[in-house]
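What follows is each chain in one-letter form.
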Amino acid sequence: MTLEVKRQLITQDASRRTFNLISREMEALEDELSRQMSSNIRVIDYLGDYLRSSGGKRVRPALLILSCYAAGGKAISDEVIRMAAVMEMLHTATLVHDDIIDNADVRRGRPSVNARFGNHPAVLIGDWLYMSAFETALKEKSLEILEILTNLTRKMTEGEIIQLTTIGKLDISEEDYFDILKRKTAYLFSGCCEIGAILANTNHSRQKALKEFGLNLGIAFQIADDLLDFVSSSDRLGKSAGADLAEGKVTLPILLLVKADSTVKEKITEVMNNGSMDEKSAEKIAGLLKKHEIIEKVKAKAENFASLARKSLEILPQSEYLDALGSLPDFVISRSY
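As a starting point, this report considers the structure included with it. (Residues numbered from 1 in each chain as written. Predicted model: local features only at pLDDT ≥ 70, side-chain atom pairs only at ≥ 80, totals over all residues. Heavy atoms only, no water.)

## Topic: the nonpolar core
Residues Leu63, Leu149 and Ile223 are the most contacted members of the largest nonpolar core, which totals 103 residues. Non-local contacts of Leu63, meaning those with residues more than four positions away in its chain, are made with Phe189, Cys192, Cys193, Phe213, Leu217, Leu325 and Leu328. (Core = buried A, V, L, I, M, F, W, Y, C linked by side-chain atoms within 4.5 Å. Buried < 20%, exposed > 50% of the residue type's maximum accessible area, 1.4 Å probe, protein only. Contact = heavy atoms within 4.5 Å.)

Here's what the structure looks like:
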């Protein structure tokens, strides 16, 4: 057994322990999502149930719950579960709209909402989820939380718009890549952790620390996800391998590859123009990533942000919830091994 395989098994075990630690809260979350995503309008109720039953790792609500406890929150509460559901609904709404824009057929191993029911219902259920999430958040009567939600939702939308302007372009900078990544992924992670801290009524220093933890964790998570697009199977991804490149999205592995070998531009452009990644193209690109040690370089960048995330937690008091948060950076980057 290789060192990397051992590390993956250890981090997977840590992840299981983490979710077992908050198993009651996650069960309550599912019940809350069932309530929040239901409607007396039959078609909305059906679409909501389809989305909810699609599963997902529920990483974002788990981050909110763990952050609340790590910051000093004492017991499971309705407000914490409600806000955890809000973050999952915002995330789900974003995925629905992203799939429409990308014309994606598969999400989490099953037909996407747009592929199954069409673009019009998908747009509307995404909008409904956004509005339902904010309606639920209003119950907390916290201007600070509403400001965080408003800002991160705006940033996520801006990220999608900015990414549209870069589709098919191989000359974007790493700075552009990280700007899009933060807007589309990391700010939501950060918001989950910061809101968890607010619900714990903790001090400003701990709130800031958890906000930074979430941001760096989200960056590490997305870098690992972008690498998975090239090194993992379609079954494991729950979508087509190479889907990002086929959609014209230039991620960090491709940016580094083009910088290392400009002759690969023709093959990459061909994949983007075709809108699909065949087995031969996938093998060639994977081989070039290995040849130029791009996989190791991308992993190193993910591990750097994971290290920054762990460092942010040093200010928090020792607890099993802090340990659980501390295990997450290794887990999110181990997915790419």
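Moving on from the coordinates now.
## Describing the packing of aromatic side chains
The full count for this structure, using the stated rule, is six aromatic pairs. Residues Tyr46 and Phe117 carry aromatic rings whose centres are separated by 5.7 Å and whose planes lie at 90 degrees to one another, so their mutual orientation is edge-to-face. Placement of the pair is Tyr46 in helix α3 (residues 42-52) and Phe117 in helix α6 (residues 113-117), with a sequence separation of 71 residues. A residue is classified by how much of its surface remains accessible, and Tyr46, at 45% relative accessible area, is partly exposed. Among the residues examined, Phe117 registers a relative accessible area of 23% and is labelled partly exposed. Here a set of aromatic residues connected by ring pairs shows up, and it is made of Tyr46, Tyr50 and Phe117. A cation sits over an aromatic face here: Arg110 above Tyr50, 3.9 Å from the ring centre. Cation over ring: Lys155 sits above Tyr187, and NZ or CZ is 4.2 Å from the ring centre. (Phe/Tyr/Trp six-rings, centres within 6.5 Å; stacked < 30°, edge-to-face > 60°. Helix = DSSP H or I, 4+ residues; strand = E, 2+ residues; numbered from the N terminus. Lys NZ or Arg CZ within 6 Å of the ring centre and 35° of its normal.)

## A word on the environment of Ala133
When you line up the elements, Ala133 lands in helix α7 (residues 119-138). In this structure Ala133 comes out as buried when scored by relative accessible area, which is 1%. In this structure, the C-alpha to C-alpha distance between Ala133 and Gln36, residues 97 residues apart in sequence, is 8.1 Å. Not counting the four nearest positions on each side in its chain, Ala133 is found in contact with Val86, Met89 and Leu90.

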